[in-house]
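Here's the letter readout for the chains.
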Amino acid sequence: MSIAQNLQRITAQLPNNVKLVAVSKFHPVEKVMEAYDAGQRIFGENRAQELAAKAPQMPSDIEWHFIGHLQKNKVRMIMPWASVIQSIDSIELLQLVNKEAARIDRHVKVLLQLHVAKEQTKSGFTIDEVLQAAAEGAFNDLSNVTIAGVMAMATFTDNMEQVASEFEQVHNTFLTLRDKYFASNDAFKQISMGMSEDWHIAVQHGATLVRIGTDIFGAREY
Ligand SMILES: *Cc1c(COP(=O)(O)O)cnc(C)c1O
């Protein structure tokens, strides 16, 4: 199946309120352009250097989402390109993103990454941490950042009940945050979860953004 056919197959199955982030990491610009030419406009990258190298070679109406762990010394590199930084995993990073956005007079949307997987390697706020930070006002008064929702990855496992239960935790945490702390922020509406292996389940549990790479572009060559 071609990239265009894969995109068509996936988008045909997504409910109207769910958007597709085509995860183009490790794929060369000509492959990414195939997706663009098929109408895809939202792309996700997880490495700062790769985003900063690719984005200038691609059309400017693309919405780039940064989805990987973001080191503080790489914030400046992605700031001109990222429309959405999905992977905010600490208050320090959030404040730095706000500062760097202000420095170049840009406004950026961000998602709060939640750690619900049973794996040490995945980053993000635990549910307790994010609720405590919200209660302490850590998400208020950011001049150049809009907090637009949450992002998460499920545990890498064949146990789809576990995956479903993790997605449900993300959904519930999103609702708590929204109703208790973001009631006056209309932009707080995104739940980014679901990858090639588990996006059907994510959609059943309230995802509004799914991040799909392999299912569109094939296997990555590392
Ligand atoms: C690579 C990646 C994806 C896409 O993974 P696939 O299994 O190729 O669909 C989604 N989210 C994040 C954070 C990623 O790093």
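Preceding this section is the structure that the text describes.
Residues numbered from 1 in each chain as written. Predicted model: local features only at pLDDT ≥ 70, side-chain atom pairs only at ≥ 80, totals over all residues. Heavy atoms only, no water.

What is the right way to look at the overall build of the protein chain in this model?
Counting its regular elements, the protein chain contains 9 helices and 8 strands. Taken along the three principal axes of its C-alpha coordinates, the protein chain extends 50 × 45 × 30 Å. Put simply, of all contacts in the protein chain between residues at least 6 apart along the chain, 60% involve residues at least 24 apart. If you sum the accessible surface of the protein chain, you get close to 10700 Å²; carbon and sulfur atoms cover 47% of it. For the protein chain, the distance from the average site of its 21 positive side-chain charges to the average site of its 26 negative ones is 5 Å. (Helix = DSSP H or I, 4+ residues; strand = E, 2+ residues; numbered from the N terminus. Contact = heavy atoms within 4.5 Å. Areas by Shrake-Rupley, 256 points an atom, 1.4 Å probe, with all protein chains shown as cover. Lys, Arg positive; Asp, Glu negative; His and termini not counted. Charge placed at Lys NZ, Arg CZ, Asp CG, Glu CD.)

What is the right way to read helix α7 (residues 160–181) from this model?
Each α-helix turn comprises 3.6 residues. Residues three or four places apart therefore point the same way. Helix length check: α7 (22 residues) gives 31 Å between terminal C-alpha atoms against 32 Å at 1.5 Å per residue, within 8%. Three or more residues of α7 are buried, namely Val163, Ala164, Glu166, Phe167, Val170, Thr173, Phe174 and Leu177. The elements touched by buried residues of α7 are β5 (108–114), α6 (127–135), β6 (145–152), β7 (190–192) and α8 (199–204). Of the residues that open α7, the one with a side-chain oxygen 3.1 Å from the backbone nitrogen of glutamate 161 is asparagine 159. (Expected span 1.5 Å × (residues − 1). Buried < 20%, exposed > 50% of the residue type's maximum accessible area, 1.4 Å probe, protein only. Polar contact = N/O pair within 3.5 Å; in protein donor to acceptor, adjacent residues only side chain to side chain.)

Could you clarify how one ought to interpret the site of the ligand in this entry?
Looking at the ligand, the residues that line it are Val23, Lys25, Ile67, Met151, Met153, Met195, Ser196, Arg211, Ile212, Gly213, Thr214 and Arg220. A distance of 2.6 Å separates an oxygen atom of the ligand from a polar side-chain atom of serine 196. Between an oxygen atom of the ligand and a side-chain N or O atom of arginine 220, the distance comes to 2.7 Å. With the chains in place, 91% of the 390 Å² that the ligand exposes on its own is no longer accessible. Its atoms largely coinciding with the cavity grid, the ligand occupies the largest pocket. A per-class count over the shell around the ligand returns 6 nonpolar, 3 polar and 3 charged. (Near = heavy atom within 4 Å. 1 Å grid on protein atoms, 1.4 Å probe; cavity = no way out; pocket = protein on both sides within 12 Å on 5 of 7 lines; lining within 4 Å. Sits in = over half its atoms within 2 Å of the grid points. Nonpolar A, V, L, I, M, F, W, Y, C, P; charged D, E, K, R; others polar.)

Any chance you could explain the layout of surface pockets here in plain terms?
If a probe as big as a water molecule is rolled over the atoms, it shows which places are left empty. Estimated volume of the largest pocket: approximately 700 Å³. What lines the largest pocket is a set of 29 residues, among which Lys25, Lys122, Met153, Met195 and Arg220 lie closest to the centre. Elements represented by at least two residues in the lining of the largest pocket include exactly α7 and β8 (209–212). Considering only residue class, the lining of the largest pocket consists of 10 nonpolar, 12 polar and 7 charged. Along the walls of the second largest pocket sit 14 residues, with Lys19, Glu63, Lys109, Gln190 and Leu209 positioned nearest its centre. Elements with a contribution of two residues or more to the lining of the second largest pocket: β3 (63–66), β4 (82–88) and β5. Within the lining of the second largest pocket, the residues separate by chemical class into 5 nonpolar, 5 polar and 4 charged. (Points joined across faces, edges and corners; volume = space filled by probe spheres on them.)

Teacher, can you tell me more about the pairing of strand β2 (residues 42–45) here?
The side chains of a regular strand alternate, first on one face of the sheet and then on the other. Along β2, one buried face is formed by Ile42 and Gly44 and the opposite face, lined by Phe43 and Glu45, is buried too. Note: strand β1 (residues 19–23) against β2, 2 bridges, orientation parallel. By the bridge assignment for β2, alanine 22 is matched with phenylalanine 43. Once the chain exits β1 it traverses helix α2 (residues 29–37) before rejoining the sheet at β2, and the crossover so formed is right-handed. Where β2 meets β3, 4 bridges bridge the pair, whose relative direction is parallel. Looking across to β3, one finds that isoleucine 42 is bridged to glutamate 63. Since β2 and β3 lie parallel, the crossover through helix α3 (residues 48–54) that links them has a hand, and here it is right-handed. (Pairing = 2+ DSSP bridges. Right-handed = clockwise from strand over helix to strand, strands pointing away.)

Before we go on, may I ask you to explain the packing of aromatic side chains in this structure?
The geometry of an aromatic ring pair is captured by the separation of the ring centres together with the interplanar angle, meaning the angle of the planes. If you walk through the whole model with that rule in mind, you get 6 aromatic pairs. Pairwise contacts between aromatic rings join Phe125, Phe139, Phe174, Phe182 and Phe188 into one cluster. The ring of tyrosine 36 is capped by arginine 41, whose NZ or CZ atom sits 3.6 Å from the centre of that ring. Seen from the ring of phenylalanine 26, arginine 47 lies directly overhead, with NZ or CZ sitting 4.0 Å from the centre. (Phe/Tyr/Trp six-rings, centres within 6.5 Å; stacked < 30°, edge-to-face > 60°. Lys NZ or Arg CZ within 6 Å of the ring centre and 35° of its normal.)

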